[in-house]
Every structure is written in structure tokens, then in C-alpha cells.
Amino acid sequence: MIIAVASGKGGTGKTTVAVNLALSLPNVQVQLLDCDVEEPNAHIFLNPVNEVVKPAYTLVPTVNYDRCDYCGKCAAACEYNALVVVPSKKVMIFPELCHGCGLCALVCPQDAISEASREIGVIKTGKSGDGNIDIELVYGVLNIGEVMATPLIDQVKEELNPEKTVIIDVSPGTACPVIAAVQGSDYCVLVTEPTPFGLYDLRLAIGVLRVLKIPFGVVINKAGIGDRKVYEHCEKEGIPILLEIPYDRQIARCYSEGVPFVKEMPEWKEQFAGIIDKVLL
Ligand code: SF4
Ligand code: SF4
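If you're wondering where the values come from, they're calculated on a predicted model, not measured in any experiment.

(A) Structural detail: the overall build of the protein chain. Along the protein chain, the regular secondary structure elements total 11 helices and 11 strands. A principal-axis box enclosing the C-alpha atoms of the protein chain has dimensions of 70 × 45 × 30 Å. When the 281 residues of the protein chain are sorted by exposure, 42% land in the buried category. If you take every contact in the protein chain between residues at least 6 apart in sequence, the share linking residues at least 24 apart comes to 74%.

Quick look at the structure:
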């Protein structure tokens, strides 16, 4: 089973939910994929050991000027303006804008374009757990200044082990990296906070999941602050509330110290494990 943990808004406690959920599932093998590759932080809570690090690449075009006749078809085809053919007979390539789709090579009538690898980050794999539960943590780390998160997310997901219960920590928002991370999931846990900002971004995330046809439920973090509008919205839309986590000093302290709070407050494990029961209903 693949469960994505996402949020329309940053700072809602998405990683807190993903990590504590992973640590609350006894008797199953758990794999946590941290696809928030621009700011991965599940490893801060899980302290993985025996890490294996491998580079991640994307493809960028290179031009063979012995063949190129500067027709401009590659630049016209590129949706991302990553290629420009300039009058001084040069094809300028902007690797940071390139999505590695390969279309320019396909449309080139002179077969003048080939593709070369460009490193965009690394993928790290390690083991974690608390003695009772073993977690395989896989996370991507995007190079500083790199804007192309999606190819790295795709490569983190290539490590997905369907034999395990897989939890995917998705980056916040509703942009391409979110789509890349949640696609293929059996269920999505949307983490929000009960504030007008939380509701606004939750509605955007709900819209994305409805388009993708991925079933979902809501975890309300920092319950007790704000207002009741998130609850009212969920009730009106028939969206299940899977768990409420209170705005609590001990939970906040655990977070600030990089400690999953189920380690200090094990009574919460049952409630996190209950999310799976509700997902399976
Ligand atoms: S499509 Fe091929 S031949 Fe035309 S400008 Fe681009 S690289 Fe050159
Ligand atoms: S590979 Fe795709 S995104 Fe990159 S330059 Fe070619 S057409 Fe544009």
C-alpha cells in the first residue's frame, strides 16, 4: 500500500505526520520516501544509519554543430524555452530550464541533438527505527540552486518497494513536484491546520487529488487554534477527518528537538496506526 502525506500549505506538520505514522506501524515493513527533495527533513527525525548515497541525473540536449543547419525547430518545439537559436548561428541551451523531455532531439530534422547527463542531486537510502519497527528511509536532496525537482522525485520513487507499506512525504503546495510525488498512491493523507490559511490551501490540494482520482482524508494538526471552518468544510464535503493532533507544548518541544513525538508519547501510536484502519475502510 502506498500512502502519500501531503499538504496544500507549508508548515502544517506534514513530515511530523509521515514520520510518526511510520513509527506507529508494527508488524509491517515500512519504507518512507521523502520526496520533499528541496527541503527533506524526515532524516532529521529518523537518524538513518548505513546510508548509501548515489548521484541523480537528468538529461540535457547537446548540439552537434557539424549537422545543425539552425532551422530553429528545436527551439520552437521546446515548451520551456530552454533552447534558443540565435542569428549568430548558435543554439543556446539553458540547462536549468530543461525538463529533459527529449522532444528537441525527436524533432531535429538533422539528427543533430543528443542528450548528456547532468547531476541534479543525490538519493540517500538508510535504515531507521526504534527497535520494534524497521524503516527504510529513501530521500532525495536537490542541489542548491537547482530548480528541477521533478526528475529527482521520479528517481526517488523508482526506489519504491511494493512489498512494503510505503509512506511518501510530499512537498507542500500543489505544483508539479506534488503531482509527481502523489501520483500512483493508493491514498493521500492531507495535513492541515484549522485556520483560514489552512482551509484555503487545503481546498487547493483537495482539487488536485480529485483530478488525480486519489482518495484522501484529512489530519488536523495544531487542533485548538484558529476556527472551525476546516471541520465544517470536511463535513459538508464528506471528507473523513482521520486524526486531530492538538496544539501541545510537549509535541512542539519534541519537534524543535528533532524527536518524533510518538517516542516520548507512545500512547499516540495507536491513534496513528488507526489512520491505516480508516484508510482501509
Ligand atoms: S532542430 Fe536541429 S538542426 Fe534545427 S536548429 Fe535545432 S539542432 Fe539545429
Ligand atoms: S529536452 Fe525538452 S525541455 Fe529540454 S530543451 Fe529539449 S525540448 Fe526543451
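(B) Region of the structure containing the site of ligand 2. Near ligand 2 lie 13 residues; those nearest to it are Cys78, Ala82, Cys98, Cys101 and Cys104. Residue composition of the shell around ligand 2, by class: 10 nonpolar, 3 polar and no charged.

(C) Region of the structure containing the sheet that holds strand E3 (residues 49-63). In spatial order, the strands read E3-E6-E7-E2-E8-E1-E9-E10-E11; together these 9 strands make up an open sheet with mixed pairing. Edge positions in the sheet fall to E3 and strand E11 (241-246), since each has one partner strand and no second. Averaged over all pairs of adjacent strands, the angle between their axes in this sheet comes to 20°, without regard to strand direction. Of the strand pairs in this sheet, strand E1 (residues 2-6) and strand E8 (residues 165-169) are connected by 4 bridges, and their pairing is parallel. Paired with valine 5 across the bridge in E8 is aspartate 169. Against the sheet, helix H1 (residues 14-22) touches E1, strand E2 (30-34), strand E7 (134-142), E8, strand E9 (187-192) and strand E10 (216-223), its axis set at about 165° to E8.

(D) Structural view of the packing of helix H7 (residues 196-212) against helix H8 (residues 229-237). Axis separation between H7 and H8 bottoms out at 9 Å; the angle between their running directions is 30°. With respect to each other, H7 and H8 are oriented roughly parallel. Of the residues in H8, those touching H7 at Pro196, Gly198, Leu199 and Leu202 are Lys229, Val230 and His233. Across the contact of H7 with H8, the residue classes tally to 4 nonpolar, 2 polar and 1 charged.

(E) How the structure looks around the site of ligand 1. Close to ligand 1 lie 14 residues, the nearest being Cys68, Cys71, Cys74, Cys108 and Gln110. Looking at side-chain class alone, the shell around ligand 1 contains 10 nonpolar, 2 polar and 2 charged residues.

(F) Fine view of the nonpolar core. Of all hydrophobic cores here, the largest spans 66 residues; its most connected members are Val5 and Ile168. Each residue touching isoleucine 168, except ones within four places of it in the same chain, is listed here: Ile2, Ala4, Val5, Leu33, Cys35, Ala181 and Ser185. Cys78, Leu83, Val91 and Cys108 belong to the second largest nonpolar core, which has 12 residues in total.

(G) Structural view of the pairing of E8. When you tally the buried positions in E8, you get 4 out of 5 residues, the bulk of the element. Inspection of the sheet shows E2 paired to E8 by 5 bridges, in the parallel sense. When the sheet's bridge partners are listed, aspartate 34 is paired in E8 with aspartate 169.

(H) Spotlight on helix H11 (residues 267-280). Buried within H11 are the following residues: Lys269, Phe272 and Ile275. When H11 is viewed along its axis, its buried side chains cluster within an angular range of 105° and face the same direction. For H11, the exposed residues lying more than 90 degrees away from the buried face are Glu267, Glu270, Asp277 and Leu280. Where the residues of H11 are buried, they touch H1, E9, E11 and helix H10 (261-264).

(I) Focus on the environment of valine 219. Along the chain, valine 219 falls in strand E10. It is 7.7 Å that separates the C-alpha atoms of valine 219 and isoleucine 245, two residues lying 26 residues apart in sequence. Ignoring any residue separated from it by four or fewer positions in sequence, one finds valine 219 in contact with Val17, Val189, Val191, Leu242, Leu243 and Ile245.

(J) Region of the structure containing unusual backbone geometry. Even without being glycine, asparagine 47 reaches a positive phi, approximately 45°. Residue class for asparagine 47 comes out exposed when judged on the 12 C-beta atoms lying within 10 Å of it. Non-glycine residue aspartate 111 carries a positive phi angle of around 55°. Overall, aspartate 111 belongs to the exposed group, with 10 C-beta atoms counted inside 10 Å.

What counts, and where the lines are drawn
- Residues numbered from 1 in each chain as written.
- Chains lettered and ligands numbered in written order.
- Predicted model: local features only at pLDDT ≥ 70, side-chain atom pairs only at ≥ 80, totals over all residues.
- Helix = DSSP H or I, 4+ residues; strand = E, 2+ residues; numbered from the N terminus.
- Buried ≥ 20, exposed ≤ 12 C-beta atoms within 10 Å, placed from the backbone.
- Contact = placed C-beta atoms within 7 Å.
- Near = placed C-beta within 6 Å.
- Nonpolar A, V, L, I, M, F, W, Y, C, P; charged D, E, K, R; others polar.
- Pairing = 2+ DSSP bridges.
- Axes fitted to C-alpha atoms, helices over the stretch in contact; angles between N-to-C directions.
- Parallel < 35°, antiparallel > 145°, perpendicular 65-115°, else oblique.
- Core = buried A, V, L, I, M, F, W, Y, C linked by C-beta atoms within 7 Å.
- Arc of directions from axis to C-beta.

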